Each structure stands twice: as structure tokens, then as C-alpha cells.
Amino acid sequence: MGGRVGRGAAPVGRHGEPPPAQSLRERFAALRNLPPFLKSIWQTSRLLSVSSIALRLMRALLPVATLYVGKLIIDEVVRLLAAGNAHADVGSWLASGVLDHLWLLLALEFALAVGADILGRIVSMIDSLLSELYANSTSIKLMEHAASLDLEDFEDADLQDKLDRARRQVSGRSSLLSQLLGQAQDMVTIASFAVGLLVYAPWLIALLLVALVPAFMGEFHFNAQSYAVNYQWTPERRELDYLRQVGASAQNAKEVKSFGLNAFLIERYRVLSQSIYAANRRVALRRAGWGGLFTTIGTIGYYAAYVIIAYRTVSGDFSVGDLTFLSASFRRLRNLLESLLVGFSQVAGQALYLDDLFSFFRIEPEILSPPNPRPFPQPIREGFVFEDVGFRYPEAERWAVRHLSFTLRAGEVLALVGENGAGKTTLVKLLSRLYDPDEGRILLDGHPLAQYDLEELRLNIGVIFQDFVRYYLSAADNVAVGRIDAREDRARVVEAAHRSMADEVIGKLPRGYEQMLGKLFKSGVDLSGGEWQKIAIARAYMRDAPLLILDEPTAALDARSEFEVFQRFKELSQGKTAVIISHRFSTVRMADRIIVLDGGRIEEIGSHDDLLAANGHYAELFELQAAGYR
Ligand SMILES: Nc1ncnc2c1ncn2[C@@H]1O[C@H](COP(=O)(O)OP(=O)(O)OP(=O)(O)O)[C@@H](O)[C@H]1O
């Protein structure tokens, strides 16, 4: 176990461990996430990406053009004033042609303003389309990657946190795209203003830059702080989600109401959410305070420059047009530089969040198919052999199972018996390669399970777990999930339902096989526990695999139903290998052989009669249950 990429590598928690990504270097390092981010945007839609860039480039040059035409207008007005050739009536003045140049300039200014507006709207439309496409494709990638991970990964709290942060990134990061492109656009605009200013007063630019540095550093610092707070509180945020869900879901309402848990859950939510709020508020307050101070420094720089420009206009160095052009350029340049610097630090902050997304993508599953897998034996000839198999859950001190050595013979029905926590489910998970053993090995027809193609192996094993999923899908689909590629094969679905006695349940539903199950959707109908189980067992028949495993999915069936279900199971799984787990001995005794597990080890193995005759643990448990019925 362990040693996987990303897992547990990042420091977690405000409980004493160092907060993540605090050093300046690390914050800059997060920028390495931007190229892959841009690449995935590019892959999302080339057409939209190119359009956005091209239109932004055009849009970027409009502000300086607008200001420059504005300067020309003012200079022209001043010139006309100085020429003093005003006419008494507007008509003759216009006809004289003196104002033609001014009109032209005004028309140009108008065209530029309208153009800028239209371009801006098109660009933001493209950005929102692109963002949505990106969020969709990333969500799909996230689901695909999650599907490739091991079961063990999902049981790991660190991974849950990472997945949670990654999930939040998908929607949260789409603004990063417009921000990044907006930055690029601003840079072009800045360059164009800078050229203009350079011609008149190059030292003004230096003054501006110096005045803005503190604001930039402040933003940078506080963005990283926000991220650190967010990061450290992920487990608590996940708990908040959980509490909200427990307190407000239809599924839990019954128990929550009868135990009167609402007040408890709400209080817990309140306390937790307040501490998160307090942490966020601390950062927000400090950010507002320092941010205000730093912005003032920038403003002082701006007015200092304004004074200088005004003085030089009065002393005759600049025209009035120059004055308006320069002061407006300067103000715009200051705003742009400020938003660029702040934006840059926000981008760096967001890039930190991208780390979560990408580091989730970097987690690699350990249970994989070999490069040249063996074909799955059809039929299974010898069966499965456990050779001294041991398994320990990650972080667990105790072995869940150890020194398991036995053969599951082809064609036999094997029952697993044992008290709670004896290791029955773990054994089944090892058999279906949801986990790989930490010790020993499991062979199928003489070759380790790991030599077979994983997908083919899973396809040939039908497992129904005790905590099977109640899908909020139609009754037919709830059966069809056993072999989803045969979903359209209604005859197969009906036959599977018939075998598991689910057809009686479905027959009573108002819309039969088309009935939506579960209470999530308006038209849904909920079933009793036993009825759900019959539907779940139908999935095993739907799968029709050579190895069938029923891990106690019958606990909620009444005694008669369970008896019938297993009797049918035994008849219908002729020629198949089967493993059943049950706490009911009426069921267990139907098996060809029985393994008694205790504390993760095999205690006894044999047929019902053998084990009774041996008068050991099995006989004791059997007697205990039989006595209960006498
Ligand atoms: N995901 C897990 N992470 C850590 N420990 C686990 C996990 N699942 C099971 N265990 C531990 O492994 C041991 C065996 O559990 P297992 O689920 O195999 O028992 P079981 O025989 O199927 O029990 P039951 O009859 O209650 O279903 C138990 O001690 C249990 O606490």
C-alpha cells in the first residue's frame, strides 16, 4: 500500500501541520499549471479559442485609439476657437466646410465607441460558452478518472478531500479563463498606452510602476492566504455538506425525525460553519485593511503625475489635447496596471486551486490490467485457489484476513459464515479484485488473478453486495445495471427479474418495468427493503457470469423468500461457481461446502453435515440459531 503519487503527499489540516503553498516560490510555482490549463481550454474548442483571442486583440487596441481621437477632437476645437471664425447661424457655418474635419473626428470616435461595445459583448459571450464547454469536459474527465481509481482510493479521506476540492474547481475555475484572456488583452492595451506615454513622458511610467508594487504584493499575499484557509478547511467543509445532506434528505428523514436529531445536526452545522466563517473573515478583514492602504499609495502616484502634466501644459510644453490625452491615458494605464497586477496575483491564486484538480488527475490506480493479459477461461476448469492470502486495510493495524488457504472449486456453491467483522466481505472483495492481497496470492485456473484483464475478470464475476445501490432509475434499468450493455434486451431483463422473484414486485408497480424507483424524482415509487433486494439479486442473473457472489443481499428478505431465492439460485446456477454469504443457516446449509471464518482466519471448512459432525464453531452457531426457533 501507499507510495502512490499525490496521495497523502500534500500537508493537510489546521491541526498542527504546516499550511500549504505559503512561500513565494511555491506560489509562483503554481503558475506551471497554467500551460496545461490553457492547453485543455484549447482542446475544448479551437474555434472559440481562436475567435476569443482575435477579437480580444482588436478590442485591446481600441482604448488608445479612442483616446487619441479624443485628443485630436480637443485640439481641433481649440484650433477652431483660436481661428475665431464662428458663424452667427449654424446652417451657414456647417455649409462653410470649416467644421468638416471635426465632424469626421466625432464620427470616428462614435464608431470606435460602438465597436468597442459590440466587441466586448461578443468576447464575453464566447468566454461564457467556452467556460461552460470546459466545465463540462472537465467534469467528464473527472468522472472518468474517478472511475479508473481503486476502491481503496475512495476509502481514503485524503483522496475524498482532494476529490472534493477538484470538484469545486471545475465550476470555480471557469472564471480563470476569462481572467487569463482578459489579462492578455489588458497587456496589449497597456503596451499601446505605454507607447503613447513614452513619446511624451517616459518617466511617468516608472513612477506608476513603483506606486503599484505594494498593492500587487498585498494581493498576492492575501490570495495565497485565502487558498490556505480553503485548503485547510476542506475536511470541515465536507462535513458541512454531509450534515446538510443528513439533515435534509428524504432518505434519512425517517430516522432523523424519530431520534429528534435535527437540533443536534443544526447545532453542529452552526458551530462548524461559524469557525469557517471566522477564518475567512480574518483574511477578508486584513485584506481589506492592507488593500486600502496599498491602493492609496497607487493613487498618490497617479496624482503626483497629474500635477506634473498639468504644470507642463500651463508652462506650454503640452497642448490642451495632449493634457487630456495624457491624463486620461495615465489614469487608464494606472487602472489597467493595477488590475493586471491584482489579476496576476489572482491568477496565481487560482493556479494554486488548479493544483488540486491536476493532482487529483495524477493519482494513479494500482490495480491494473497486465500488458498482455491471459484470456479468461471459458469455462472455468479448476477454480480459484487462495494461497496464504492476507489483506490489511490502509492505515489499519489489524489484518482483516490472513493466512487464507482454500480452493473455490469450479461449479461448487460455497457459503461463507462468520460473525460480524470476521472478514467475509473482504474475502469477496479480494476474489473480485477490488483489492489486491498484501500477502499470498489468488490463482484462477493456476494463474494469478493479476494476469487476467481486469475488465474481463469483472465482467465474468457477478457480485451483489449487502450495501448494493438503489438506483433512482426505472425498475427495468435497476435490473439492467447487472449488464448495462444488454439494457435494451428486455427479454433478458424480464427473465432475470423472474429468476430473482423481482417480477412479482415489478408487476405490482403502477408503471411496471418503466416505473421510476426511489423517492428522488416526482414520479418515483419507493420499495420495501426486501423488494429492493429482489431487484438487486436480479442483477446477478442479468449479469449471467460464471462466478456469482451474493454477499448477504438477502438480509431483509422474509424467511420464505430467502429460502426460495436461494433454492432457485442453486438450481439456476447449475454449472456456475457461486459464493454466498448469509447469516441464515437455512440458506447456508444448501451450499456444497461452507467456510467458517473467525477473526480473519479460516476456522473450519466442509459440508453442512461434516461441520455438524465435527461439533465445532459451526455446530455451535447452528445450534444457537436453531434453538431460537424452538
Ligand atoms: N473499508 C475498510 N477500511 C478499514 N477497515 C475495514 C474496512 N472494511 C472492513 N474493515 C475491517 O475489516 C474486518 C473485516 O471486515 P468485513 O467487512 O470483511 O467483515 P464481514 O465478515 O463481512 O462482516 P459482516 O458480517 O458484519 O458483514 C473488520 O474488522 C472491519 O472492521
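Residues numbered from 1 in each chain as written. Predicted model: local features only at pLDDT ≥ 70, side-chain atom pairs only at ≥ 80, totals over all residues.

Things to note about the overall build of the chain
Each helix and strand in the chain was counted, giving 23 helices and ten strands. Taken against the 2.2 N^0.38 rule, which gives 25 Å for 630 residues, the C-alpha radius of gyration of the chain at 36 Å runs more than 25% over that of a compact globule. Judged by the C-alpha coordinates and their principal axes, the chain covers about 125 × 55 × 55 Å. Taking all 630 residues of the chain together, the buried fraction comes to 31%. Within the chain, residue pairs in contact and separated by at least 24 positions form 77% of the contacts whose partners lie at least 6 positions apart. (Helix = DSSP H or I, 4+ residues; strand = E, 2+ residues; numbered from the N terminus. Rg over C-alpha atoms; globule rule 2.2 N^0.38 Å. Buried ≥ 20, exposed ≤ 12 C-beta atoms within 10 Å, placed from the backbone. Contact = placed C-beta atoms within 7 Å.)

Quick word on the confidence of the model for the chain
Considering every residue of the chain, the mean pLDDT works out to 84; 93% of them sit at 70 or more. Model confidence for the chain, summarised as mean pLDDT per element, is weakest for helix α1 (residues 24-29) at 66 and strongest for strand β1 (residues 383-391) at 95. With pLDDT under 50 throughout, residues 1-22 is counted as low confidence; its partners more than four residues away or in other chains account for 37 contacts. Across the interfaces of the predicted complex, the ipTM metric reaches 0.95, alongside a pTM of 0.71. (pLDDT = per-residue confidence, 0-100.)

Considering the packing of helix α3 (residues 46-83) against helix α5 (residues 100-148)
Axis separation between α3 and α5 bottoms out at 8 Å; the angle between their running directions is 160 degrees. The orientation of α3 relative to α5 falls into the category roughly antiparallel. Pair α3 / α5 crosses with left-handed handedness. Across the contact of α3 with α5, the residue classes break down as 23 nonpolar, eight polar and five charged. (Axes fitted to C-alpha atoms, helices over the stretch in contact; angles between N-to-C directions. Parallel < 35°, antiparallel > 145°, perpendicular 65-115°, else oblique. Left-handed = near helix turned anticlockwise from the far one by under 90°. Nonpolar A, V, L, I, M, F, W, Y, C, P; charged D, E, K, R; others polar.)

Quick notes on the domain arrangement of the chain
You can read the domains of the chain as domain 1 (24-362) and domain 2 (383-629). Between the C-alpha centres of domain 1 and domain 2 the distance comes to 56 Å. Contacts between domain 1 and domain 2 engage four residues on the former and four residues on the latter. Partitioned by chemical class, the residues of the side of domain 1 that touches domain 2 number two nonpolar, no polar and two charged. (Domains from an automatic or database assignment.)

A look at the pairing of strand β10 (residues 601-606)
Looking down a regular strand, the side chains alternate between one sheet face and the other. Taken together, the five bridges between strand β9 (residues 593-598) and β10 define a ladder with antiparallel strand orientation. Looking across to β10, one finds that Ile595 is bridged to Ile605. Linking two consecutive strands that pair antiparallel, namely β9 and β10, is a turn of two residues; a positive phi of about 55 degrees is found at Gly599 within it. (Pairing = 2+ DSSP bridges.)

Remarks on the pairing of strand β3 (residues 413-418)
Most of β3 sits out of view: six of its six residues are buried. Side chains Val413, Ala415 and Val417 project from β3 onto one buried face, and the interleaved Leu414, Leu416 and Gly418 project onto a second face that is buried too. Alignment of β3 against strand β8 (residues 577-581), held across four bridges, turns out to be parallel. Residue Ala415 lies in a different strand from β8, and its bridge partner there is Ile580.

Description of the site of the ligand
Near the ligand the following residues occur: Glu155, Tyr393, Ala396, Ala400, Gly418, Asn420, Gly421, Ala422, Gly423, Lys424, Thr425 and Thr426. Of the residues contributing to the shell around the ligand, the split by class is four nonpolar, six polar and two charged. (Near = placed C-beta within 6 Å.)

Some thoughts on the environment of Tyr242
With respect to the helices, strands and loops of the structure, Tyr242 is situated in helix α10 (residues 234-248). Residue Tyr242 is classed as exposed on the basis of its C-beta count, with 12 C-beta atoms lying within 10 Å. For Tyr242 and Ile300, which are 58 residues apart along the polypeptide, the C-alpha to C-alpha distance reads 49 Å.

Overview of the UniProt feature "domain: ABC transporter" (unreviewed entry) in the chain
Summarizing the sequence annotation, UniProt attributes the feature "domain: ABC transporter" (unreviewed entry) to residues 384-624 in the numbering used throughout. For the annotated span residues 384-624, helix accounts for 35% and strand for 24% of the residues, and the straight-line distance between the end C-alpha atoms is 32 Å. (UniProt positions renumbered as here; feature names shortened; annotations may be inferred.)

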